[in-house]
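Examination of the molecular architecture
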Amino acid sequence: MIPARGYAAQDAKSPLAPFHFERREPGPDDVQFDVQYCGICHSDLHQARDEWGGSIFPMVPGHEIIGRVTRVGANVTKFKVGDSVGVGCMVDTCRACKACKQGLEQYCERGATYTYNSRERESQQPTQGGYSNVLVVDQAYVLRVPENLDPAAAAPLLCAGITTYSPLKHWNVKAGQRVGVVGLGGLGHMGVKFARAFGAHVIVFSHTDKKKQDALRLGAHEVVVSSNEAEMKAQEGTLDFVLDTVSAPHDINAYLRLLRIDGSLVLVGVPEKPLPVQPFSLIGQRRSFSGSSIGGIQETQDMLDFCGQHGVVSDVEVIPIQQVNDAYTRLLKGDVKYRFVIDMKSLK
């Protein structure tokens, strides 16, 4: 076994604290790498506090992970020592169901093995995430990170990036379309960058005008204050696609009304309570309301390659691991632009 160290939650009410544990020795198909950076996702906080139920403790969170390969198994052909690599939300799936065979591992019919707060398929040992110094992952779930990307700013691409890239690709967002992005947080700011890189006319919808200049800097062409009825009314029936990144309660019908005939609204935020949908918000213009979850392994690799070609990365605030609990407190207040990333050198 490989000695490992990181920060873990011992239970739902404890702050994250230093934790020593063990990783498995690399098998023939495994890649071992030293973790350089790990993003902080809001789902880390939800699971560390058992807000979704079923959390496995002690828990080392983290699924936006960038590092350098230090060791590879005998069967590994995709990576070599020294490569810059990433791991996102999944470290295994069944590989046999229809979804897996289509490259849609995120929808594995037998359930994905997640990077943390999950169990390895064979050993049933709890998985532990990227708030740690070392990872061992099957090569099939490891991603190549373009060397021209800042590794700290690239880390959130492994969750926030793919969560927004995947629906934009699946719904074929393209140049000339009008695309709305609801919310300008960790997900929303990536949605703006990708939609702009795809050539769309991008409109950010925010509850106040406090983030207007930031939205324009990130690539938005327009900013609409969603609490302003006149501004919202002026946009009704004009959009081809809306990416909704908001996890707080909100009026989904106000955004459905923004769509043209056959327009689509895709939800990637996770509100705690159901969002009531008025039938005529959909029926009147043959609109669609859908959801999307991260992306498959090949699509995530495609996204990273796209980011390398177009210079797309997250806006990040890099912190030492010792500030992780303060970062969680600030995250609850929305006090970050736009993703915390832990510099894992601070573990030393």
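For the structure, check the block above.
Our subject in this report is the structure included herewith. (Residues numbered from 1 in each chain as written. Predicted model: local features only at pLDDT ≥ 70, side-chain atom pairs only at ≥ 80, totals over all residues. Heavy atoms only, no water.)

Observations concerning the overall build of the chain
Worth spelling out the cut-off: Runs of H or I in DSSP of at least four residues are treated as helices and runs of E of at least two as strands, each being numbered from the N terminus. C-alpha atoms define the radius of gyration, and 2.2 Å times the number of residues to the power 0.38 defines the globule rule. Throughout, exposure labels follow a simple rule: accessible area from a 1.4 Å probe, protein chains only, divided by the maximum for the residue type, with under 20% read as buried, over 50% as exposed, and the rest as partly exposed. For this analysis, residues touch if any pair of their heavy atoms sits within 4.5 Å. Counted as positive: Lys and Arg. Counted as negative: Asp and Glu, with His and the chain ends omitted from the count. The location of each charge is read from NZ of Lys, CZ of Arg, CG of Asp or CD of Glu.
Scanning the chain from terminus to terminus reveals 11 helices and 17 strands. What you see for the chain is a C-alpha radius of gyration of 20 Å, in line with the 20 Å of a compact globule of 348 residues. The principal-axis extents of the C-alpha atoms in the chain amount to approximately 60 × 40 × 35 Å. Considering the chain as a whole, with its 348 residues, one finds that 57% of them fall into the buried category. At a minimum sequence separation of 6, the contacts of the chain that also span at least 24 residues come to 67%. Distance between charge centroids for the chain: 3 Å, based on 37 positive and 38 negative side chains.

Remarks on the pairing of strand S14 (residues 259-267)
For clarity, the threshold we go by: When DSSP finds two or more bridges between a pair of strands, those strands are recorded as paired.
With five bridges connecting them, strand S13 (residues 239-244) and S14 associate as parallel partners. Looking at S14, one finds that Leu243 is bridged to Val266. Strand direction decides the pairing type here: S14 and strand S15 (residues 288-291), joined by four bridges, are parallel. Bridge pairing in S15 places Val266 opposite Ser290.

Considering the nonpolar core
What counts is decided by this rule: Joining through side-chain atoms within 4.5 Å is the link that ties buried Ala, Val, Leu, Ile, Met, Phe, Trp, Tyr and Cys residues into a set, and such a set is a nonpolar core.
Judged by nonpolar contacts, the single largest core of 94 residues is most densely connected at Ile40, Tyr131, Leu157 and Phe194. For Phe194, the residues in contact, after removing those within four places along its chain, are Leu157, Gly161, Thr164, Tyr165, Leu168, Met303, Phe306, Cys307 and Val312. Ranked by size, the runner-up nonpolar core spans 17 residues in total, among them Phe205, Met232, Leu239 and Leu267.

Brief notes about the side chain of Asp343
Short version of the rule: For the purposes of these results, a polar contact is taken to be a pair of N or O atoms within 3.5 Å, where, inside protein, one atom must be able to donate a hydrogen and its partner to accept one; residues adjacent in sequence count only when each atom of the pair is a side-chain atom.
Tracing the chain through its elements places Asp343 in strand S17 (residues 339-343). Residue Asp343 is classed as buried on the basis of its relative accessible area, which comes to 17%. Only 3.0 Å separates the side chain of Asp343 from the backbone nitrogen of Lys345, close enough to count as a polar contact. Those residues within four positions of Asp343 in sequence are excluded, and the remaining contacts are Gln36, Tyr37, Val318, Ile319 and Ile321.

Thoughts on the environment of Phe19
Its location among the elements puts Phe19 in strand S2 (residues 17-23). For Phe19, a relative accessible area of 15% puts it in the buried group. Placed 105 residues apart in sequence, Phe19 and Gln124 show a C-alpha to C-alpha distance of 20 Å. What Phe19 contacts, discounting residues up to four positions off in sequence, is Ala4, Arg5, Gly6, Ala8, Gln10, Pro58, Val60 and Gln128.

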